[in-house]
Every structure is written in C-alpha cells, then in structure tokens.
Amino acid sequence: MSRKAFQSLLERYLKGNCTQEEQETVRRWYDLLDSDVDLNLSEVEFAELEDRLWDKINKETQPSEDKKKGRSTVIRPFGRFYISTAAAAVLLIVGSVWVYNRLKCNPVEPDFVSKKESFITKVINPNDEPLEVSLPDSTRIKLFKGAQLTYATRFNKREVSLVGDALFNVKGDPANPFQVFHEEMITRVLGTCFKIQSGKGAGKDEVIVYTGKVQVIRSAKNNLVRRIIETPKTLNLTMNQRAILDEQNGSFSETLVERPIPVETKRTLLDEVVFKEISLADLANKLRDVYHIDIRVRPAVRKITFRGDLSGMELFDQLNLVCNVTETNYHIIGKTIEIQ
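A brief look at the structure comes next.

Reading the values: rules and limits
Residues numbered from 1 in each chain as written. Predicted model: local features only at pLDDT ≥ 70, side-chain atom pairs only at ≥ 80, totals over all residues. Heavy atoms only, no water. Pairing = 2+ DSSP bridges. Helix = DSSP H or I, 4+ residues; strand = E, 2+ residues; numbered from the N terminus. Axes fitted to C-alpha atoms, helices over the stretch in contact; angles between N-to-C directions. Salt bridge = Lys/Arg side-chain N within 4 Å of Asp/Glu carboxyl O. Buried < 20%, exposed > 50% of the residue type's maximum accessible area, 1.4 Å probe, protein only. Contact = heavy atoms within 4.5 Å.

Details of the sheet that holds strand β2 (residues 131–134)
Piece 1. Here seven strands make up an open sheet; going across it, the order is β2-β3-β6-β9-β10-β13-β14 and the pairing antiparallel. Taken across any chain shown, the strands that pair with only one partner, and hence form the sheet edges, are β2 and β14 (252–256). Sheet twist, expressed as the mean angle between neighbouring strand axes with direction ignored, is 20 degrees.
Piece 2. Relative to strand β10 (residues 204–211), strand β9 (residues 193–197) runs antiparallel, the two sharing five bridges. Bridge pairing links Ile196 to Val207 in β10.

Quick look at the structure:
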C-alpha cells in the first residue's frame, strides 16, 4: 500500500465514502481501543504517530526479503486491509479529538453563536449620544455611535459580541469570567472598567484598561489552520495599559494609554505637587504610586534633583516638564516608562 493510497483511505473515511465492509472493520478496531489512552496530543506528537503507523503499514504491505530472493511469502489481503484500516481509524480518531480540543480551546465566537441559540438580544446605537446598556449580571456598557452589542437573552455564560466602540464596567464574578468577542481579539475579565475601540479606517483595534485586570487574546478568526496549530498570543493588562492590534501589519502589542489617569484614592495627591528638591528616583516612585505605572530611572541620573510645580498636570505633561528642567528624557518601552 502506497502512502498516497493510505492518505486516500483517510480522506474517503472522513468524507463518508467507505464501503460497508471498511466501516465494519473500523468499528471492530475501535472496540479494542484503550479508553484510557491520552488523545490530547500536540501537533508534533500527532505527526510522529502518523509516521510510525505508516512505517508499520509499509512493512506489512511490501514484499519481504524472502520474496525478493525468490522464496514465496503469503500476504493475506484481508490482513493487509485490516492493518491499513486500523491505522486510518487511529489517525482519524486521534486527529479528530486533537483538532476538536484545539478549536474548543481557541474559540473565535461566543457559545450562543456556535450553538445557534434561539433567543438573542441585539442592541445597536445609531445616535451620536452614547447608549447605556445594562446586562442581566449588572454589567454596564456604554455603546458609542454605530456600535452593536449581541448577547444571549438567557445570560448564563457571560459572553457578548461587539462591533464598534464601547466602554465596559463589568460586574465582578471570579467563578464566571466576562468575555467580549470583537474583531480579531477576545477580552476576558473578572471585574473591571475598560474600553474597546475599533480601528475603523485606521486599521488599529485597541483595548484600554482604566481599572482592574484584563486578559486580551489574539483570535485566529480568519485563519482556521493557525487556530488549530498555534497557541494564541495573550496579553495581560492592568490599569493605564492597552493592547493594540494593527490589522495592516499583523502586530499585536501592549503599551501605555495615551492619557493615564491616577488611582482614585491617590487623585488628591495631584492637587498640589510642588517640589523644592527631590531626586528623580524618589519622584519616579511617587508618580508610580499615583498612576500605577512602572516608572524606572537609569542609575546615571537617579540622583539628579528636580525643583518645580507639577500641580494639575497629566502624567506625560509632568514628565515633559521634569525632563526639560533636569536635561533628561524619557522613553516608553512596552508598559514601562524609563527616564534616562
């Protein structure tokens, strides 16, 4: 049996084009399958299994050395067929379970879509003013103009589908995380406030976190092969951080928000921020505490002191003033600010 014929047999079985005899043989083999066998294989293990099975089939179906030397060898057609069909069956079962598990672990749409539930609620905001939506779990959503929100009317599993821009204030429930499916990303949260911003013409989709913690997953929505064989990239975000998906170059990155906000309990610290003399190291620690952002200072400039008034200014305005006075500069590296 050639490898081409072997693969052809697999394809016929998958398409349901096998004969009754072939199907009965597969069923008899399947009854012998150990129920405890681990079918959750990686793609590498699956490929190795296919190679081993093919080697076995090839040995059983090719003429032996005795036959090559003129000695007759009896090869029973049914035995040859049984082995090849059994191999096809194990590849079919293992492969099907592996693919199923991969697709289940990497969903691209909410359960209520894949299960085709009958009762679906769809909310669209055609107006310029934001539209407030309250979900059955007390989560509050603000839909901006043109946004569309879809969810199961029986809101047992906290999943929604979003098109456009929306601001979420999610009710906390650690046992039942909240998930938003939007474009080629999935945002998973326990309880927080965040905004999803569609790229529209610019081609950049963003998830902006204001409070709490959010997990953003790159969805392989438009690539079935990648969804099966790859583990999706995941970004873990906290306050004043954002995820950016650039649809034009395919990049999926994390960085800081454009206008960081102070921690609510630290907000009053910005009312009067006048420093007579403070080292850059100590100043970075104070700003880190107020904005919940990792701000680092290079050793060479840690002891340089700053004098000035930072009252009523936003973070990046504060940093611009500090760097101008101290003749330093700052860079944003991922989710970190570094003064050097």
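This is not the end of the story, as more comes after the structure.
A word on the pattern of salt bridges
Piece 1. All told, the structure shown has 14 salt bridges when counted by the stated rule.
Piece 2. Note that Asp128 is salt-bridged to Lys145, the shortest N-O span being 2.8 Å. You can see Asp128 sitting in the loop between β1 (120–124) and β2 and its partner Lys145 sitting in the loop between β3 (140–143) and β4 (148–152), a full 17 residues away along the chain.
Piece 3. The partner of Arg288 in a salt bridge is Asp294, and the shortest N-O contact between them spans 3.9 Å.
Piece 4. A residue is classified by how much of its surface remains accessible, and Arg288, at 29% relative accessible area, is partly exposed.
Piece 5. Judged by relative accessible area, which is 26%, Asp294 ranks as partly exposed.
Piece 6. Three or more residues are tied together by salt bridges with common partners; here these are Asp111, Lys157 and Glu159.

Some details on the sheet that holds strand β19 (residues 336–339)
Piece 1. The strand order β16-β19-β18 describes an open sheet built from three strands, whose pairing is mixed. This sheet does not close on itself; its edge strands, each paired only once, are β16 (294–297) and β18 (330–333). Here the strands of the sheet are splayed against their neighbours by 25 degrees on average, with no regard to which way each runs.
Piece 2. Where β16 meets β19, four bridges bridge the pair, whose relative direction is parallel. By the bridge assignment, Ile295 is partnered in β19 with Ile337.
Piece 3. Relative to β16, helix α8 (residues 280–291) is tilted by about 175 degrees, and along the sheet it contacts β16 and β19.
Piece 4. Across the sheet, helix α9 (residues 315–326) touches β16, β18 and β19, and the angle it forms with β18 is around 140 degrees.

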